[in-house]
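A structural walkthrough
If you want the building blocks of each chain, they are given just below.
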Amino acid sequence: DWNGSTLSRLNAVTTSYSAREFLKLANYQFIATILFIILVILLITLYLYKLINRPLKAITHSLETESSKPLEELESRKNEFGEIARLINEFFENKNALMAEIVMRIKAENELIDKQDELISAKEKAEELSKLKSNLLANLSHEFRTPLSGIIGLSELLKMDIQDEEQIRLLN
C-alpha cells in the first residue's frame, strides 16, 4: 500500500544506503579528480619550465660570455625568445663595431700625441739652432767689423796723406 507500509521503509533504507555509498564514491572521485588536476598542473609546469628555462639559460650564458654562439638555436624561432636573441646579437655586433672604432680612435689619438711631441721637439731644436745662428752671425759680424773698422780708418788716413793718383785709386 501507499500509506507508509514496509515497502516504503525498504525504499528509504535502500536510498539511505545508496546515498552513503554515493558520498563515499563521490569523495573518492573528488580526491581522484583533485590528484589528476594536480598531476596535470605539474606536467604543464614542467613543460613550461623546460620551454622557458632553456632559452633563458641560453640568453644568460650569452650575456655572461658576451658571445652570440649560445643564441644560434633561438634566433630561428618565431617567438619572443627569437626576437630577444636577434636583438642581443645585434647589440653584440654594434658593440664590437663601436669597440673597433674606439680602438682605432685611440690609436689615431696616440699617433697624434706622438706627432705632436715630435713637432714640439723639432720646434725646440729649430729655436735652438736659430739662436745659435744668430749668435754665430753676431760673432762673425763683430769679428769682421772690428778689423775692417781699423782698415777703413787707416785707409781714410792714407787717402788724406797720399797725393799720387794711382795710390788713391788702389786705396778706393
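One structure accompanies this document, and this report is about it. (Residues numbered from 1 in each chain as written. Predicted model: local features only at pLDDT ≥ 70, side-chain atom pairs only at ≥ 80, totals over all residues. Heavy atoms only, no water.)

Concerning the overall build of the protein chain
Helices and strands together make up the secondary structure of the protein chain, namely four helices and zero strands. Ordered by position in the sequence, the α and β elements of the protein chain form the string α-α-α-α. Contacts in the protein chain between residues far apart in sequence, at least 24 positions, make up 31% of those at least 6 positions apart. Roughly 15,200 Å² of accessible area belongs to the protein chain as shown, and the carbon and sulfur atoms make up 64% of that amount. (Helix = DSSP H or I, 4+ residues; strand = E, 2+ residues; numbered from the N terminus. Contact = heavy atoms within 4.5 Å. Areas by Shrake-Rupley, 256 points an atom, 1.4 Å probe, with all protein chains shown as cover.)

Thoughts on the nonpolar core
Within the largest apolar cluster, eight residues are counted, these being Ala58, Ile59, Leu71, Leu74, Phe81, Ala85, Ile88 and Phe92. Counting only elements with at least two residues in this core, the list comes to α1 (6–65) and α3 (80–161). In terms of residues, this core owes the most to one element, α3, which gives four residues. Apart from the residues within four sequence positions on either side, phenylalanine 81 is in contact with Leu51, Ile52, Pro55, Leu56, Ile59 and Leu74. (Core = buried A, V, L, I, M, F, W, Y, C linked by side-chain atoms within 4.5 Å. Buried < 20%, exposed > 50% of the residue type's maximum accessible area, 1.4 Å probe, protein only.)

Considering the packing of aromatic side chains
Within this structure, the stated rule accounts for one aromatic pair. Ring geometry for phenylalanine 91 against phenylalanine 92: centres 5.7 Å apart, planes inclined by 50°, an arrangement best described as tilted. Judged by relative accessible area, phenylalanine 92 falls into the buried class, the value being 6%. (Phe/Tyr/Trp six-rings, centres within 6.5 Å; stacked < 30°, edge-to-face > 60°.)

Section: α3
End to end, α3 covers 118 Å across 82 residues, agreeing with the expected 122 Å (1.5 Å per residue, within 8%). The complete set of buried residues in α3 reads Phe81, Gly82, Ala85, Ile88, Asn89, Phe92 and Ser155. Where α3 begins, the capping side chain belongs to asparagine 79, and its oxygen is found 3.1 Å from the backbone nitrogen of phenylalanine 81. (Expected span 1.5 Å × (residues − 1). Polar contact = N/O pair within 3.5 Å; in protein donor to acceptor, adjacent residues only side chain to side chain.)

Let's talk about a negative patch on the surface
Negative charge collects at one region of the surface, where Glu72, Glu75, Glu90 and Glu93 lie side by side. Mapped onto the negative patch, the elements with two or more residues apiece are α2 (72–75) and α3. Inspection of the secondary structure puts glutamate 93 in helix α3. Looking at glutamate 93, the relative accessible area reads 56%, which means it is exposed. (Patch = residues over 30% accessible without salt bridge, like charges linked within 9 Å, V, L, I, M, F, W, Y side chains within 5 Å. Salt bridge = Lys/Arg side-chain N within 4 Å of Asp/Glu carboxyl O. Lys, Arg positive; Asp, Glu negative; His and termini not counted. Charge placed at Lys NZ, Arg CZ, Asp CG, Glu CD.)

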